[in-house]
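Here's the letter readout for the chains.
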Amino acid sequence: MVTGKSSKVGNSIAISILFVFSLVWMFPIFWTLLQSLRPYGDVLKFGSVSWPHHLNLHNYWTALVQSQMWRYFINSFEVAVPAVVITLFLASMVAFVVSRYSFKFNVALLMLFTAGNLLPPQLVFIPIFRLYIHVWVPNFINGDGVLYNTQLGLILIHVALQMGFATFVLSNYLKTIPKEISESALVDGASVWKHYYVVILPLLRPALASLGVLMTTWIYNDFFWSVALLSSGDKRPITAALSNLQGEFFTDYNLLAAGATLAFIPTLIVFFTLRKQFVSGLTLGSTKG
Amino acid sequence: MTSSTTTKTAAAEVTPRRRRRGHSFTKTDRAVLAGLVGGPTLLHVLLVWIPAFCTVALSFTYWDGIGGLDQIHWVGLKNYQQIFTIYQDFRPAVRNNVLWLGFFALIATPLGVILAYYIDKELKGTKFFQTAFYLPMVLSLAVTGIVWDYIFRTNGFVNSVMGDTSAQTATSWFGDPNKNIWIVLLIASWRHIGYVMLLYLAGMKSVDPSLHEAAAIDGATAWYTFRKVIFPSLRPVNVIIIVITVIDSLRAFDLVYIINRGRNGLQLLGVLVYDNIFGEATRIGWGSALATILFALSIVPIMLYLYQTFKRDN
């Protein structure tokens, strides 16, 4: 098996298998796209596996305008953007301290954050839900006057949970940056805040970008917390709002396909344009140093 | 999050100093440090750890959620006893979670590793393959459930190809409680495999190339090198993948919830917790006990992860 020829044959077999696999992998996405372009009546008449007689964007128009899905996109952004920005800001502060100063609590603190991120969300959500229905918020945030069923509540829980992962990743990243850079700042007599804000934060930029891309995708894709903490359908982000398109007795599956496609298009765009950041965000947490 | 005005005063006060292990901070510096660590930690503890412990505490109580906290009664281990004996959905849920874990551990995860091994060879078309396998990862599990519904629904792709889409006679992939969990595992693996592959590839890229070369000089085959040299050197990545496999199997919720709300053969512990809070009856004690069981099962992988990650720091 070590001769050049047989390994070449082996490679072509591997390529063919990989090729078939990857087509199978992409097929469901392709299939959903196709369904989304077909009118429901067409599928009803000819079956879902049939020559597409009509292909148009009508389902998309219905989903976006008639079912007002554009609102849910806004909801998604209203949740994801603040959540990610706050998370990165808070996590970078903790990461800065534990990686630049040698306090006794450093490792314990990092462990607390890391473990917190690994807890099953089901363990956290019952008291959070009970808490949220009792915490008072001003009327302009929620007419009901409580934190439950507000996007603010959803943002808070995302921040608290994602912070664990972000802190862990950022502090790992900072450990790879030589401390000399900080020391010159200290010799200059910079305050702690300046050290963080002027020296460390700019250094963190690549890691913040990767984490930002990854966490935006995660929060955008969140389903569990949105369903658990937002009772009114019209406040839900797009991923959770998809179930609004599923009727109790009747579902226009081609419309739903358009809705699902609309929901995953932003993540696909992010993936194809910022793939490097997405991938490095995922691996920053897994490979040390 | 102190304002930048403090910076100026701090800078003015500071005398040149060396790093002397936390004794040379000014008052402002100390306050800033406390804020930098304390603020985020407080939020995290308040919204994650305290609720987690409350759940464990609530698992020993009875509370239907109506009325104030004074309506909570201590019942000891009764919730657990009832869950183990009379809660009909518990057994199928445990079975499904175990099945999920087994399927991931024995099939999906190894497949991801094998794919990574071949992708790492940088064969022709490697970029395309990589993209294909990564794609499911950017889709949410909710969308994933919808996407696969078009493949397996009664009049979906598979049944159409098999030639029977009638509601009466065709195979109901999601409706048949003996089949649906396998379909769900297939779908979950679709996503999991790419994730494992990604992590593994990153790990393999970080392996010292001289290891490869040394093995090649010794005349070892690529597969032998992988098994005996590369795989053992990737211990940290292996641990992380084991942890992710276990934890994701325990957390599973979205996929089955979007398919049929986790009923009729698709029960999972994660869904039962939810059902006991938002279902027909609110049984906070039961829900908390189920969540605590999930927690107990997660402790081992969490500890394993912490040990692997932090052992070199100490």
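Definitions and limits used
Residues numbered from 1 in each chain as written. Chains lettered and ligands numbered in written order. Predicted model: local features only at pLDDT ≥ 70, side-chain atom pairs only at ≥ 80, totals over all residues. Heavy atoms only, no water. Core = buried A, V, L, I, M, F, W, Y, C linked by side-chain atoms within 4.5 Å. Buried < 20%, exposed > 50% of the residue type's maximum accessible area, 1.4 Å probe, protein only. Domains from an automatic or database assignment. Contact = heavy atoms within 4.5 Å. Buried area = accessible area lost by both parts, 1.4 Å probe. Salt bridge = Lys/Arg side-chain N within 4 Å of Asp/Glu carboxyl O. 1 Å grid on protein atoms, 1.4 Å probe; cavity = no way out; pocket = protein on both sides within 12 Å on 5 of 7 lines; lining within 4 Å. Points joined across faces, edges and corners; volume = space filled by probe spheres on them. Nonpolar A, V, L, I, M, F, W, Y, C, P; charged D, E, K, R; others polar. Phe/Tyr/Trp six-rings, centres within 6.5 Å; stacked < 30°, edge-to-face > 60°. Helix = DSSP H or I, 4+ residues; strand = E, 2+ residues; numbered from the N terminus. Lys NZ or Arg CZ within 6 Å of the ring centre and 35° of its normal.

1. Things to note about the nonpolar core
Counting 198 residues, the largest nonpolar core has F125, I157 and W225 of chain A together with L36, W100, L139 and Y200 of chain B as the members making the most contacts within it. Looking at which domains feed residues into this core, each of domain 1 (4–36) and domain 2 (69–284) of chain A supplies at least three. Leaving out residues up to four positions away in the same chain, L139 of chain B has contacts with I29, N221, F264 and L268 of chain A together with T144, V147, W190 and R191 of chain B.

2. Focus on the domain arrangement of chain A
Residues and elements named next belong to chain A. Examined at the domain level, chain A breaks down into domain 1 (4–36) and domain 2 (69–284). Counting from both sides, the interface comprises five residues of domain 1 and, opposite them, five residues of domain 2. Summed over both sides, the interface of domain 1 with domain 2 buries roughly 440 Å², with 71% coming from carbon and sulfur. Per-residue buried area on domain 1 facing domain 2 is highest for T32, Q35 and S36; these three make up 69% of the total on that side. Counting across the domain 1 and domain 2 interface gives zero salt bridges.

3. What to know about empty space enclosed by the protein
The tally for this structure, following the rule as stated, stands at one cavity of 30 Å³ or more. Roughly 1,300 Å³ of volume is contained in the largest cavity. Within the lining of the largest cavity, the residues separate by chemical class into 28 nonpolar, eleven polar and five charged.

4. Looking at the packing of aromatic side chains
The tally for this structure, following the rule as stated, stands at 54 aromatic pairs over all chains. Ring geometry for F129 of chain A versus F278 of chain B: centroids 4.7 Å apart, planes at 65°, classification edge-to-face. Here the residue F129 of chain A occupies a position in helix α6 (residues 121–132), and F278 of chain B occupies one in helix α13 (residues 269–278), the pair thus bridging two chains. We classify F129 of chain A as buried; its relative accessible area is 9%. Summarising the aromatic geometry, the rings of F60 of chain B and Y80 of chain B are spaced 5.7 Å apart at their centres and angled 45° between planes, so their arrangement reads as tilted. Taken together, the positions of F60 of chain B in the loop between α2 (27–58) and β1 (61–62) and Y80 of chain B in helix α3 (residues 78–85) put the pair 20 residues apart, joining distant regions of the chain. A residue is classified by how much of its surface remains accessible, and F60 of chain B, at 22% relative accessible area, is partly exposed. Three or more aromatic residues joined by ring pairs form one cluster here, namely F125, F129, Y148, F223, F224 and W225 of chain A together with F253, Y257, Y274 and F278 of chain B. Over the face of the ring belonging to W63 of chain B we find R130 of chain A, whose NZ or CZ atom lies 4.5 Å from the ring centre.

5. Here we look at the environment of Q308 of chain B
Residue and element names in this part refer to chain B. Relative to the helices and strands, Q308 is located in helix α14 (residues 284–310). Looking at Q308, the relative accessible area reads 5%, which means it is buried. Sequence separation between Q308 and F128 is 180 residues, and the spatial gap between their C-alpha atoms is 33 Å.

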